[in-house]
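Single-letter residue listing:
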Amino acid sequence: MPRSFLTALAGILAALLIGAGVMLAQGYNPAATYAALFEFSLGDVDSLATTLKNAIPLILTGLSASVAFASGPVNLGQPGQLLFGALLATLGGLYLPLPAPLLIPSLLALAMLGGALWAGLAALLRRAFDMSEFIVTLMLNSIADLFTFWAITGPLADPDAFSPMTPAIQPAGWLPEWGEFSSALLVLALAAAGIWFVFQRWTAGYEWRLTGQNALFARLGGCNISRNFVAVMLTTGALAGLAGGLVVMAGPHRFLKGLGANYAWDGVMIAVVANNSLPGTLLYGLFFSALQTGALGMELITAVPSEFIQVLQAVIVLVVVASRGRLSEWLDVWAARRRARVKPLAPAPD
Amino acid sequence: MTVAQRPAAPSRATGLIELRHITKVFPPNTLALDDVSVTFQPGEIHALVGENGAGKSTLMKVLYGLEAATAGEVRLGGRPVRFRGPGDAIARGLGMVHQEILLVDEYTVWENVVLGAEPVAGPLGQLNTTLALRAVQAKIAAFGLDLDPAARAGDLSVAARQKVEILKLLYRDVSVLILDEPTAVLAPQEVPQLFAELRRLRAGGQTILFISHHLDEVLTLCDQVTVLRRGRHVATRAAAGLGKPELARLMVGRDVVFTSRRSPHPPGGVVFSADALTVRAPSAGGRAAGRERLRDVSLSVRAGEIVGVAGVEGNGQFELVGALMGLLPAAAGRVRVNGRDLTHASILERRRHLAFVAQDRGRMGASLAAPIRDNAIMTHHRLNPALTAWRGWLLRPAAVGRFVDELRERYAVTMRAAGAPFRSLSGGNQQKVILGRELLLDRPFILLDQPTRGLDVGSTEYVHDQILQLRARDRAVLLVSADLEELFRLADRIAVMHRGRIVADLPTDETTLAAVGYLMLEGRPAAG
Amino acid sequence: MRIFIGLITGTLASATPILLAALGGAFTYYAGLFNIAMEGMLLVGAFCAVLGAYFFQSWLAGVLCAVLGATALALLFILFAIVLKTDEFVTGIALNLFAVGATTYLLRQIFDVKGSLSDPRLPAIPAVTIPLLHDVPVLGAVVSGQNLMVYAAGLATVISAYLIFGTRFGLRLRAAGHNAASLETSGVSAARVRVWALLACGVLCGLGGAFLSLGYVRLFAENMSAGRGWISLAAIILVNGNPWGLAVIALLFGFSDGLGLLLQSAQIPSQFTGMVPYLATLLALSVYATRRAKARPA
């Protein structure tokens, strides 16, 4: 654990240094830029609240990808699942005549259902035709993008709006604000705790983890691989769908054009850089949210375009992942050299 | 540039080959070679012998540039050399034929042979097919090999594929051939042919380094013998005048006893039975059924009995284990444990009746990256009610912790923490965890597939003791092993597999090593 | 007849970038790499094409810049996946993200625009009129007068097929994919072969990207590769990388795209016609999977 923490830290530092180099090359002041980034993401309660709120879809799609990758299925469909979650939550919010205590849970459930159904379609195609979920979920992303766009320009369009969007959902479906902080954070905390519980306590969750690490071993141990596959796809779809529902319910309270575009690959990115670990996903989700949230303030103060953060994120992913493998290898070789001098003993198989 | 015009590489390996103080450590903590020094003379057939894990292959890989030595140096003709890969070694006239044959199955023989040294024409490097084919044919003729250069490598027999590997090196004009257990994959009648070819190569001035653990082969073929044991150099002797018992003693480090360790124990009723079990290979065309990989196999094991399955690897053992475990569908036949038909049962259902130790720890027996704890409770998580609550839905961490402690104590596992990754355990301790996990299931029938492969002597002894205890506790044990010595020590009966069939089922006390060996190779008893 | 010729021209135009990217991916596919970075390479190619064309006021400079840019991304792939041995899938994902981020950032930084850049002064890749053939009725309108890059894609198919199946490089390339260990013991570094494959992939994706922004249309828009790299990956899986097969598949996708445009004029919402290529990919994959399942029963 300390080693994985150290290599991650080293990777982030290296990536920030590379980012600083890029900024210097373009005549910006890296110190001022990073200071502004910090200032506008974590500097005061307001920014902190925004960072936390922005982290919600990042962390949930990140959890979706982490849980999927750690359990085997290559679910790359978070963007599409998010959109369907948002769409179903919006539909419910527009048409379900329920009071807030019932409407909010119903919309959350609808959001999860939407994501799960869209992921379930990929699982179904895998079961029926043995089609790789990797390509299928990607294609379903594009289809979901077009479908939801049709929905908000056609049948669900707000006739009074100038750009494609639905009307606002009933206020009973709005997630309340607690001071500066959104109550969506509570939903996120519950979802994260749920995932922890599934992986650490639930018998099937144990099977998911072990299947992700060595499917043949798990199969020989009596795990039901194909049933688990479907369960993982539905669960991770539900997580991404929940992200979509929360974006609608906590934010603009309607389905806006380009709703999911900001989170398109972020979930997969966070899972990859966090090596599919739960604490890693939470931390990197917060970290990337801080970068994205601070970016706007950074642009105001330092003239560094906010898009720079997208580059910085990709550099962080590459450098952290590469250094994780490399540093561990070097440490192993170094330890082996040291031991060779002291003479241990365990003969190797030929 | 064509092959014929290739200039002779500078300072080919015609002189002495010296390995000096070679040490090799595999991270994190395996010492494969420990200060090994050997010298090979040009023009000799030099054997490297030793038990599994002695370091023979690793030493040759260091010489060949496939593995970098942690310490020590390689000298050719008195000059230190540093090969950064096989390419360097080949350029200096060294070639290696690996234990596993590394041909591109999809390519023809000639394509495989010229790969890496192709005759070409034109600016884009167009393959000169005619020239290549002619050059390969010339080499085949020059060394009297029986090969069709246009055949697809994947369609050839193992012996022919091995010949292609040798031809590949001859085509590159190497003068030193390293052969890693070449006879292990051959049928017995093919061995003399290989030896004749090797002698012919020696007569043509080639130096041959020959890795083996078959004493007879070494003594009939080789000039010099170097013995390695547990990564250390033990001796280098002339083969002439060296006796088999002495060589065996050098290899094992003690007098080899083939004594049985079984005490008399009358077996009970039949626990496990397979009747006319047949497994087919997946068919290639789509309609026709595939070739039978397991044919009409009938076996039974009684309570308190150990039945060994012997055979050269690849004669159906994999399919037998796969069919018993439910990985491969049985095309015909029945599998029963205590009268219950498991032929088409799910793996979980099978696991209610049998325990299983797989031959490949990292692939089938465990997840190396997962914590020891997670590896220890596999299968128990579904079938051991003590570990779960809420009708099996939830795991009970405290109970899991107690279970791992019990396993550690009962099976004497040395480990730091239950949460440490499985790969941090030594091979012996890994196997103890796996064995312990399966034995704690407490099933009437235990299927063991090469349970001591790759283990050191101490761990092997431990596993053997456990197997004998199972017998004493009236369990039925089916032991698949490539190690005849192990089978003769442990098994009450030995079933011999040959080409997917059981060709003999003999009480161990009424047969001999030589007889079983013959059955394994020939599929029928020795005449007379 | 106008519709027919329009459909064919549309088919060729939408097939071209997919074919070029797929041919690039074919090299890495044969080399045994799990390369999913075509999407990012196309995007970087498209951006750099506009960049070069804008500053040098020459479409040729644009194409060269596109090739250089996409190859630079390939070099990053080489650095991480081959030199540093980072997981290929992760490298591909990160590079695709990097491509989106870098092009968006540079679009803002260099041209000071958000979203998309279109400029009437951007020189386009010209169409090529084939003398004589051009005057043949119908055939002339189809075979002649297409964009230069359409012919380049055709030529690239021929050259790729020749390189992969007729040369020393191809023999080593396919060996790297079939059995890298065998290639290594033959004294050829599989890593080096893979480096060349990735460079080829960069060049071809660069050409495809240049067509996107200087041939198909004359503008650069954020994320304008729009999944074409992924479709090319699906095409590679469908025909096991064979260049001739890729040409057929790319044409089929191009046709479905063109058909989508036709349907649009039949009052079907453009969002649904836009789904046609993705649905076609799914359909093709299911046909492929069914065929494979028949060939290999459990």
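Residues numbered from 1 in each chain as written. Chains lettered and ligands numbered in written order. Predicted model: local features only at pLDDT ≥ 70, side-chain atom pairs only at ≥ 80, totals over all residues.

**Regarding the overall build of chain A**
Let me state the cut-off plainly: Strands are runs of DSSP state E lasting at least 2 residues, helices are runs of H or I lasting at least 4, and numbering of each runs from the N terminus. Our radius of gyration looks at C-alpha atoms and nothing else; its globule reference is 2.2 Å times the residue count to the power 0.38. A residue is called partly exposed when the number of other C-beta atoms within 10 Å of its own lies between 12 and 20, exposed at 12 or fewer, and buried at 20 or more, with C-beta atoms placed from the backbone. In this description, any two residues whose backbone-derived C-beta atoms lie within 7 Å of each other are considered to be in contact.
Of the regular secondary structure elements, chain A holds 13 helices and two strands. Since a compact globule built from 350 residues should have a radius of gyration of about 20 Å, the 22 Å found for chain A is in line with a globular shape. Overall, the C-alpha framework of chain A stretches about 80 × 60 × 35 Å when taken along its three principal axes. By residue count, 55% of the 350 residues in chain A fall in the buried class. At a minimum sequence separation of 6, the contacts of chain A that also span at least 24 residues come to 78%.

**Re the overall build of chain C**
Broken down by element type, chain C carries 13 helices and two strands. For 298 residues, the compact-globule estimate of 2.2 N^0.38 gives 19 Å, and chain C sits close to it at 19 Å. Residues classed as buried in chain C amount to 57% of the 298 residues present. Pairs at least 24 apart in sequence give 73% of the contacts found in chain C among residues at least 6 apart.

**Things to note about the confidence of the model for chain C**
Low pLDDT marks regions whose predicted coordinates should not be analysed in detail. Threshold: Looking at any residue, its pLDDT shows the predictor's confidence there, from 0 to 100.
Of all residues in chain C, 97% have pLDDT values of 70 or greater, and the mean over the chain is 88. In the model output, the complex is listed with pTM 0.83 alongside ipTM 0.84.

**Remarks on the interface of chain C and chain A**
Quick note on the threshold: Note that Gly is not counted as nonpolar here; it falls among the polar residues with everything else outside the nonpolar set of Ala, Val, Leu, Ile, Met, Phe, Trp, Tyr, Cys and Pro and the charged set of Asp, Glu, Lys and Arg.
Contact with chain C, which involves 33 residues of that partner, is made by 32 residues of chain A. For the side of chain C that touches chain A, the secondary structure elements donating two or more residues are helix 4 (88-111), helix 10 (228-239), helix 12 (270-274) and helix 13 (276-295) of chain C. Residues that form the side of chain C that touches chain A fall into these classes: 21 nonpolar, ten polar and two charged.

**Structural notes on the sheet that holds strand 11 (residues 224-229) of chain B**
Residues and elements named next belong to chain B. Defined as follows: Whether two strands pair comes down to DSSP finding at least two bridges between them. Only the contacting stretch of a helix is used when fitting its axis, a line to C-alpha atoms as for every element, and angles between N-to-C directions run 0 to 180 degrees.
With mixed pairing, six strands are arranged side by side in an open sheet as 6-9-10-3-11-12. Looking along the sheet, the strands with just one partner apiece sit at the ends: strand 6 (94-97) and strand 12 (232-238). In this sheet, neighbouring strand axes are inclined to one another by 15° on average, regardless of whether the strands run parallel or antiparallel. In this structure, strand 9 (residues 176-180) lies alongside strand 10 (residues 207-212), joined through five bridges in parallel fashion. Each bridged residue has a counterpart across the sheet, and for I178 the counterpart in strand 10 is L209. Along the sheet, helix 5 (residues 158-171) makes contact with strand 6 and strand 9, crossing strand 6 at roughly 170°.

**Side note on helix 10 of chain C**
All names here are of chain C. Applied cut-off: Under the convention used throughout, the expected extent of a helix is 1.5 Å for every residue step, that is, one less than its residue count.
Taking 1.5 Å of rise per residue, twelve residues should cover 16 Å, and helix 10 covers 17 Å from first to last C-alpha, within 8% of that figure. Within helix 10, ten of the twelve residues are buried, which leaves the element mostly enclosed by the surrounding structure. When helix 10 is considered as a whole, its buried residues turn out to be R228, G229, W230, I231, S232, L233, A234, A235, I236 and L238.

**Overview of the sheet that holds strand 4 (residues 71-76) of chain B**
Residue and element names in this part refer to chain B. Strand order in the open sheet formed by four strands is 2-1-4-5, and the pairing between neighbours is antiparallel. With partners counted over all chains shown, the strands left at the sheet margins are strand 2 (30-40) and strand 5 (79-81), one partner each. Strand-to-strand twist across the sheet, computed as the mean angle between neighbouring axes with direction ignored, equals 30°. Where strand 1 (residues 17-26) lies against strand 4, five bridges are found, and the strand directions are antiparallel. In the strand pairing of strand 4, I17 is matched with L76. Relative to strand 1, helix 1 (residues 56-64) is tilted by about 115°, and along the sheet it contacts strand 1, strand 2 and strand 4.

**Digging into unusual backbone geometry**
All names here are of chain B. One non-glycine residue, D173, lies in the positive phi region at around 55°. Considering the arrangement of structural elements, one finds D173 in the loop between helix 5 and strand 9. The backbone of D474 sits at a positive phi, close to 65°, despite the residue not being glycine. Examined against the element boundaries, D474 turns out to sit in the loop between helix 16 (457-472) and strand 22 (476-480).

**Here we look at the pairing of strand 15 (residues 305-310) of chain B**
Residue and element names in this part refer to chain B. Counting buried positions along strand 15 yields six of six residues, so the element is predominantly enclosed. Looking at chain direction, strand 15 and strand 22 are connected through five bridges and run parallel. The partner of E305 across the bridge, within strand 22, is A476. Two strands pair when backbone bridges link them, and strand 15 and strand 23 (residues 493-498) are joined in this way by four bridges, in the parallel orientation. From the neighbouring strand, G308 faces strand 23, where its bridge partner is I494.

**Details of the packing of helix 1 (residues 2-30) of chain C against helix 9 (residues 190-216) of chain C**
Residue and element names in this part refer to chain C. To be explicit about the condition: Angular relationships are summarised with four words: roughly parallel below 35 degrees, roughly antiparallel beyond 145, roughly perpendicular across 65 to 115, and oblique for the angles in between.
Relative to each other, helix 1 and helix 9 sit at 170°, their axes nearing to 7 Å. Judged on the interaxial angle alone, helix 9 and helix 1 are roughly antiparallel. Touching A13, T16, P17, L20, A21, L23, G24, G25, F27 and T28 of helix 1 are A197, L198, A200, C201, L204, C205, L207, G208, F211, L212 and Y216, all from helix 9. Here the residues of the contact of helix 1 with helix 9 are counted per class, giving 16 nonpolar, five polar and no charged.

**Here we look at the nonpolar core**
To keep it simple, the criterion reads: Each nonpolar core reported here comprises buried Ala, Val, Leu, Ile, Met, Phe, Trp, Tyr and Cys residues connected via C-beta atoms within 7 Å.
Within the largest apolar cluster, 287 residues are counted, with the highest numbers of intra-cluster contacts made by V317 of chain A together with L207 of chain C. In contact with L207 of chain C, other than residues within four places in its own chain, are L20, V63, A66, V67, M149 and A152 of chain C. Within the second largest apolar cluster, 82 residues are counted, among which are A310, V321, L407 and V433 of chain B.

**So, helix 8 (residues 203-213) of chain A**
Because an α-helix completes one turn every 3.6 residues, residues spaced three or four positions apart along the sequence face the same direction. A large share of helix 8 of chain A lies buried, amounting to ten of its eleven residues. Of the positions making up helix 8 of chain A, those classed as buried are A204, G205, Y206, E207, W208, R209, L210, T211, G212 and Q213 of chain A.

**Observations concerning the environment of R262 of chain B**
All names here are of chain B. Positionally, R262 belongs in the loop between helix 8 (244-252) and strand 13 (270-280). Under the C-beta neighbour-count criterion, R262 is labelled partly exposed, with 17 such atoms within 10 Å. As for R262 and A491, which are separated by 229 residues in sequence, their C-alpha atoms are 8.0 Å apart. Excluding its chain neighbours within four sequence positions, the residues that come into contact with R262 are L468, L490 and D492.

**Observations regarding the packing of helix 10 of chain C against helix 11 (residues 243-264) of chain C**
Residues and elements named next belong to chain C. Worth spelling out the cut-off: Crossings are classed by handedness, with left-handed meaning an anticlockwise turn of the near helix from the far one by less than a right angle and right-handed meaning a clockwise turn.
One can describe the packing of helix 10 onto helix 11 by two numbers: an axis separation of 9 Å at closest approach and a directional angle of 135°. When the interaxial angle is binned, helix 10 and helix 11 end up oblique. Of the two possible hands of crossing, helix 10 and helix 11 adopt the one that is right-handed. For the pair helix 10 and helix 11, contact is made by I231, A235, I236, L238 and V239 and by G245, L246, I249, A250 and F253, respectively. Taken together, the residues of the contact of helix 10 with helix 11 break down into nine nonpolar, one polar and no charged.

**Digging into the environment of A248 of chain B**
The residue A248 of chain B is located in helix 8 in this model. Counting along the chain gives 199 residues from A248 of chain B to V49 of chain B, while the straight-line C-alpha distance between them is 9.6 Å.

**Describing the confidence of the model for chain A**
Residues and elements named next belong to chain A. In the predicted model, chain A carries a mean pLDDT of 87, and 92% of its residues have values of at least 70. Confidence, read as mean pLDDT per element, is least for helix 13 (residues 308-342) in chain A (75) and greatest for helix 10 (residues 225-250) (95). Below a pLDDT of 50 lies the segment residues 342-350, which in the model reaches 28 contacts outside its immediate sequence neighbourhood of four places, other chains included.

**Some remarks on the environment of T30 of chain B**
All names here are of chain B. Position of T30 among the secondary structure elements: in strand 2. Given 21 C-beta atoms within a 10 Å radius, T30 is considered buried. Considering only alpha carbons, one finds T30 and S426, 396 residues apart in sequence, at a separation of 8.8 Å.

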